[in-house]
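# Inside the fold
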Amino acid sequence: MASGDGFILRRLTAEDAEAFSALRRLVAADNPVPLGLGMQEELARPLQGFRDQLGAPTNVVFGAFVGATLAATAALAPSGPFASSRHKLVLWGTFVAPDHRRQGLGRLVVAQAVDHARQAGVRRIHLTMYLPNLAAGALYESLGFTVWGTEPEAVCVDGIYHDAMQMGLLLQ
């Protein structure tokens, strides 16, 4: 666990499911495109699913709390179940509450995830970012991620198709 100017950074557990769901709903209410889900889809997700996701030993989810409020998250998961893909992880669940943006919390949680992957001996991290999302793209690029592809019409949120940008970071 780390702390700084008014925040605490720590790994989330199944007990954080309500806070994680609440953050996702705040983000979806502001702009559902980064989630890749419409608000109704997000509201339909059961809390137990988040408990299972946060409690899974293969997922590593970091959260930045401002007071008692979960303000930002970034997570890592294996890219597949086989040994042949253990050299890479997928960065997912990078969200910052609208009222905590531009305070460095997104950078903090993503950097923590990257550091965790590096310490675990991971070679690559991949991510999918739904477009448009200029702030997230700038953050990832500033941390060394590069674009390696684009998927046209990756999601349809509220009747509008959005492309997805594929990015990666070579750690070793």
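Summary of the structure given here.

Criteria and thresholds
Residues numbered from 1 in each chain as written. Predicted model: local features only at pLDDT ≥ 70, side-chain atom pairs only at ≥ 80, totals over all residues. Heavy atoms only, no water. Core = buried A, V, L, I, M, F, W, Y, C linked by side-chain atoms within 4.5 Å. Buried < 20%, exposed > 50% of the residue type's maximum accessible area, 1.4 Å probe, protein only. Helix = DSSP H or I, 4+ residues; strand = E, 2+ residues; numbered from the N terminus. Contact = heavy atoms within 4.5 Å. Pairing = 2+ DSSP bridges.

### Observations regarding the nonpolar core
Grouped together as the largest cluster of nonpolar side chains are 30 residues, with contacts concentrated most on Leu91, Ile125, Tyr140 and Phe145. Every element with two or more residues in this core is listed here: β2 (7-11), β3 (60-66), β4 (69-78), β5 (88-96), α4 (105-119), β6 (124-130), α5 (134-142) and β8 (160-170). The element best represented in this core is α4, accounting for six residues. Ignoring anything within four residues of it in the chain, the contact list for Leu91 reads Ala74, Ala75, Leu76, Val110, Ala113, Ile125, His126, Leu127, Tyr140 and Phe145. Among the nonpolar cores identified, the runner-up in size contains 17 residues, and Ala28, Leu70, Trp92 and Ala97 belong to it.

### Topic: the pairing of β4
Among the 10 residues in β4, eight count as buried, and that is most of the element. Here β3 pairs with β4 via seven bridges, running antiparallel. Bridging across to β4, Phe65 finds its partner in Leu70. Remark: two residues form the turn of the hairpin made by β3 and β4, two consecutive strands paired antiparallel; Gly67 in that turn has positive phi of roughly 65 degrees. As paired elements, β4 and β5 share six bridges and run antiparallel to each other. Bridge pairing in β5 places Ala77 opposite Val90.

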